[in-house]
Structures are given as structure tokens and as C-alpha cells.
Amino acid sequence: KVQKKYADPKTITARHERNFMAELLDEILAAVENFGSRQVLGADELSFLERAIEFMIDLLDQLPTRRFFRPLLVDKHFVVRFRGSKLAQLPEARLVNQL
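Source: prediction; values computed, not measured.

### Some thoughts on unusual backbone geometry
Turning to step 1, where the next piece is worked out: We note that His77 has phi near 55 degrees; this positive angle belongs to a residue other than glycine.
Turning to step 2, where the next piece is worked out: Its place among the elements puts His77 in the loop between helix H4 (63–76) and helix H5 (78–83).
Turning to step 3, where the next piece is worked out: Look at His77 and you get partly exposed, because its relative accessible area is 47%.

### Some points on the packing of helix H3 (residues 43–61) against H4
Turning to step 1, where the next piece is worked out: Interaxial distance between H3 and H4 falls to 6 Å at its minimum, and their mutual angle equals 125 degrees. Considering the angle they form, H3 stands oblique to H4. Here H3 contributes Met56, Leu59, Leu60 and Asp61 to the contact with H4, which in turn contributes Leu63, Thr65, Arg66, Phe69, Arg70 and Leu73.
Turning to step 2, where the next piece is worked out: Its residues assigned to classes, the contact of H3 with H4 shows six nonpolar, one polar and three charged.

### Comments concerning the packing of aromatic side chains
Turning to step 1, where the next piece is worked out: Evaluated as defined, the whole model comprises one aromatic pair.
Turning to step 2, where the next piece is worked out: Summarising the aromatic geometry, the rings of Phe78 and Phe82 are spaced 6.2 Å apart at their centres and angled 25 degrees between planes, so their arrangement reads as stacked. Here Phe82 and Phe78 lie together in helix H5, a separation of four residues that amounts to about one turn. For the pair shown, Phe78 and Phe82 are each scored as buried.

### Examining the nonpolar core
Turning to step 1, where the next piece is worked out: The biggest cluster of nonpolar side chains holds 12 residues, and these are Ala31, Val32, Phe35, Leu41, Leu46, Leu49, Ile53, Phe82, Leu87, Leu90, Ala93 and Val96.
Turning to step 2, where the next piece is worked out: Of all elements in the fold, only helix H2 (12–36) and H3 reach the threshold of two or more residues within this core.
Turning to step 3, where the next piece is worked out: With sequence-adjacent residues up to four places away left out, Leu49 is seen in contact with Val32, Phe35 and Leu87.
Turning to step 4, where the next piece is worked out: Among the nonpolar cores identified, the runner-up in size contains 11 residues, and Leu25, Leu29, Leu73 and Phe78 belong to it.

### Here we look at H3
Turning to step 1, where the next piece is worked out: For H3, built from 19 residues, the straight-helix expectation of 27 Å at 1.5 Å per residue is met to within 8% by its first-to-last C-alpha distance of 27 Å.
Turning to step 2, where the next piece is worked out: Along H3, the residues that are buried comprise Leu46, Leu49, Glu50, Ala52, Ile53, Met56 and Leu59.

Each value, and the rule that gives it
Residues numbered from 1 in each chain as written. Predicted model: local features only at pLDDT ≥ 70, side-chain atom pairs only at ≥ 80, totals over all residues. Heavy atoms only, no water. Helix = DSSP H or I, 4+ residues; strand = E, 2+ residues; numbered from the N terminus. Buried < 20%, exposed > 50% of the residue type's maximum accessible area, 1.4 Å probe, protein only. Axes fitted to C-alpha atoms, helices over the stretch in contact; angles between N-to-C directions. Parallel < 35°, antiparallel > 145°, perpendicular 65-115°, else oblique. Contact = heavy atoms within 4.5 Å. Nonpolar A, V, L, I, M, F, W, Y, C, P; charged D, E, K, R; others polar. Phe/Tyr/Trp six-rings, centres within 6.5 Å; stacked < 30°, edge-to-face > 60°. Core = buried A, V, L, I, M, F, W, Y, C linked by side-chain atoms within 4.5 Å. Expected span 1.5 Å × (residues − 1).

Laid out in C-alpha cells, this is it:
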């Protein structure tokens, strides 16, 4: 029943609700790949990535959202793509790697 309800969203709002977290993860991963191509990372960019990862950790810590969010993280290969990015080797990203 649940799958039928969300199989084909009828409005833009319903489509946005269904795809919000997946699109947010895609944007964060795209930012990680873009930032990794640079040699120097700005403080704002690094802060954005740290806050995004803290947000992901907070969502995983909460039981109601963990059930739905963890499979999405696994499906997007979030940890693998993040650790394999060039950003992970930058010395400024030490705190990001610890998270």
C-alpha cells in the first residue's frame, strides 16, 4: 500500500517530499567531488561539508529517521564516495575525516 501511494507523485510538492533527501545527498556528494578537485579549500566550503556530515550523523542517530535514511546512504555509497574523494586527502579536511 505504501509503495502504491508514493509510486507516482501527483503534485510537485509530493515529488519534492519523496526525493528531498536523495537530492540533498546528491548535492553534497557533488560538492565533495567539486571541492576535491581544488588544491585549496575555503573555510566556508569546509564548514559546509562539516555541517552536512553532522546533519547526516544526527539523522542516523534518531530512530524514526534511521530506518529510512540508512538504506539511502548505503544506496548512494556515501561513506565510500566521501572517503575515496580527493578531499579526504587534504590536510584541512582532517575534522571531516574524523566525523
